[in-house]
Amino acid sequence: MLDVCLLGTSGMMPLPRRALTALMTRFNGSSLLIDCGEGTQVSIREQGWSIHSIDTICITHVHGDHISGLPGLLLSMGNAERKEPLTIIGPRGTRRVVEALLIIAQGLPFELHFIELTEKKERLDCNGYYLEAFRVSHTVPCYGYSQIVRRAGKFDREKAEENEVPMKVWSRLQKGGEVLCDGILYTPDMVLGQERKGLKVTYCTDTRPIPEIAGYAEKADLFICEGMYGGEEMSAKAKENKHMTFREAAMLAKKAEAAELWLTHYSPSLIRPEEYMEETRKIFPYAKPGRDRKSIVLNFEKEDEGKKEGNA
């Protein structure tokens, strides 16, 4: 199961009831934060979640509304006597910017590990899931992210017996590890069936609607995408500032065949995004306006009735 919370939905500046854009997910004891604008740690606390389990922070780009909350968050972690290292991922130059911000947050009692992205697409292995980082089109280097939780195939007793796999190693193979037993190396594919559908959340903000985004968000269970401007009368401004309208985000979601779209990163002048949803849903029926602390629990698809895994 993957917990997802859209902590804030505002672009450019926070508003009294709208924090700057950020996303947090929780999976198997690990928490991921994408962007950390002003007000992010307050939203985390209001959601009732903890900052202590955050082990990875992804930065889409180093504009202030996406990174200005980071010093306060890191200070709070330090004041809570955190000792575990924290990984920060972002475009080239992220380390320099973060270290400059830390002038006001010196003496952290934990290490920061930086991963700077330079390729058009990069895939990282993180705490039981994968992160796909993909470059988008903004006024500065900017990346979107997909969090992908893979799901191994079901245990296949007949396959295990055909491959003469000892029963005593079945359990460890089911968990995905290789096992050396009596001089023979056994691998998970010797006991598992075809890989099952996992979970995928794609987060993309501050960009023009380049066609590649739909490919990166393909079949996402949840596609969270910027919709800075609600109406098409703002199209020229969206192009000028390298942002998107609701219609453009909906077109991407439709092409990606995503299960659901949440819009976010609203312009401060966009007070009532609900007013634009009727037209947006004509393009993509499963579009929803994001709001601060909008959350969902994504679960793996249920197993077919009557089919049981072998004992291991």
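Before reading further, recall that the structure is shown in the block above.
Rules used throughout
Residues numbered from 1 in each chain as written. Predicted model: local features only at pLDDT ≥ 70, side-chain atom pairs only at ≥ 80, totals over all residues. Heavy atoms only, no water. Buried < 20%, exposed > 50% of the residue type's maximum accessible area, 1.4 Å probe, protein only. Helix = DSSP H or I, 4+ residues; strand = E, 2+ residues; numbered from the N terminus. Polar contact = N/O pair within 3.5 Å; in protein donor to acceptor, adjacent residues only side chain to side chain. Contact = heavy atoms within 4.5 Å. Core = buried A, V, L, I, M, F, W, Y, C linked by side-chain atoms within 4.5 Å. Pairing = 2+ DSSP bridges. Axes fitted to C-alpha atoms, helices over the stretch in contact; angles between N-to-C directions. Right-handed = clockwise from strand over helix to strand, strands pointing away. Phe/Tyr/Trp six-rings, centres within 6.5 Å; stacked < 30°, edge-to-face > 60°. Lys NZ or Arg CZ within 6 Å of the ring centre and 35° of its normal.

### Re helix α3 (residues 70-79)
Burial runs high along α3: seven of the ten residues are buried. Within α3, burial applies to Leu70, Pro71, Leu73, Leu74, Ser76, Met77 and Gly78. Where α3 ends, the next residue or the one after it, Glu81, has phi of about 65°, a positive value.

### Structural notes on the side chain of Asp35
Within the fold, Asp35 resides in the loop between β3 (30-34) and α1 (40-47). Among the polar contacts listed, one links the side chain of Asp35 to the side chain of His66, at a separation of 2.7 Å. Each residue touching Asp35, except ones within four places of it in the same chain, is listed here: Thr21, Ala22, Cys58, Ile59, Thr60, His61, His66, Tyr203 and Thr205.

### A look at the nonpolar core
Counting residues in each nonpolar core, the largest one holds 27 residues, and the members touching the most others are Ile54, Ile57, Leu74 and Leu112. Listed by contribution, the elements that provide at least two residues to this core are β1 (2-8), β2 (22-27), β4 (54-58), α3, β5 (86-91), α4 (94-101) and β6 (112-117). If one sorts the elements of this core by residue count, α3 sits on top with four residues. Once residues within four sequence positions are removed from consideration, Leu74 is found in contact with Leu86, Leu102, Leu108, Phe110 and Leu112. Ranked by size, the runner-up nonpolar core spans 26 residues in total, among them Tyr216, Ala217, Ala256 and Phe284.

### Describing the sheet that holds strand β8 (residues 129-135)
Read across the open sheet, the seven strands follow the order β7-β8-β9-β12-β13-β14-β15; overall the sheet is mixed. Looking at which strands have only one partner, the edges of the open sheet turn out to be β7 (121-126) and β15 (287-289). Here the strands of the sheet are splayed against their neighbours by 20° on average, with no regard to which way each runs. Pairing between strand β14 (residues 261-264) and β15: three bridges, direction parallel. Within β15, the position partnered with Leu263 by the bridge is Pro289.

### Looking at the pairing of β4
Most of β4 is tucked away: five of the five residues are buried. Pairing of β3 with β4, which is carried by four bridges, proceeds in the parallel orientation. Bridge pairing links Ile34 to Cys58 in β4. Running through α1, the crossover from β3 to the neighbouring parallel element β4 is right-handed.

### Digging into the packing of aromatic side chains
Ring pairs (aromatic) are described by centroid distance and by the angle formed between their planes. Taken as a whole and judged by the stated rule, the model has six aromatic pairs. Between the aromatic rings of Phe27 and Tyr129, the centroid separation amounts to 6.5 Å while the plane-to-plane angle is 80°, which identifies the pairing as edge-to-face. Here Phe27 is found in strand β2, whereas its partner Tyr129 is found in strand β8, with 102 residues between them in sequence. Here Phe27 and Tyr129 have matching classes, each one buried. With centroids separated by 6.0 Å and ring planes inclined at 75°, the aromatic side chains of Phe246 and Tyr276 adopt a geometry described as edge-to-face. Residue Phe246 is located in helix α9 (residues 246-256), and its partner Tyr276 is located in the loop between β14 and α10 (277-283); the two are separated by 30 residues in the primary sequence. Over the ring of Phe110 we find Arg82; its NZ or CZ atom is 5.4 Å from the centre of that ring. Positioned above the aromatic ring of Tyr130, the side-chain terminus of Arg123 is 4.3 Å from the ring centre.

### Details of the sheet that holds strand β16 (residues 294-298)
Sheets are built from strands paired through backbone hydrogen bonds, the pairs being either parallel or antiparallel. Read from one edge of the open sheet, seven strands run β6-β5-β4-β3-β2-β1-β16, paired in mixed fashion. Both edges of this open sheet fall to β6 and β16, since each of them pairs with a single strand only. Shown here is a sheet whose adjacent strand axes are inclined to one another by a mean of 15°, direction ignored. Its contacts with the sheet place α1 against β1, β2, β3, β4 and β16, and it is angled at close to 130° to β1. Contacting β5 and β6, α4 runs over the sheet at an angle of about 140° to β6.

### Regarding the environment of Gly72
Following the sequence through the fold, Gly72 ends up in helix α3. On a C-alpha basis, the gap between Gly72 and Cys36 in space is 9.8 Å, while along the polypeptide they are 36 residues apart.

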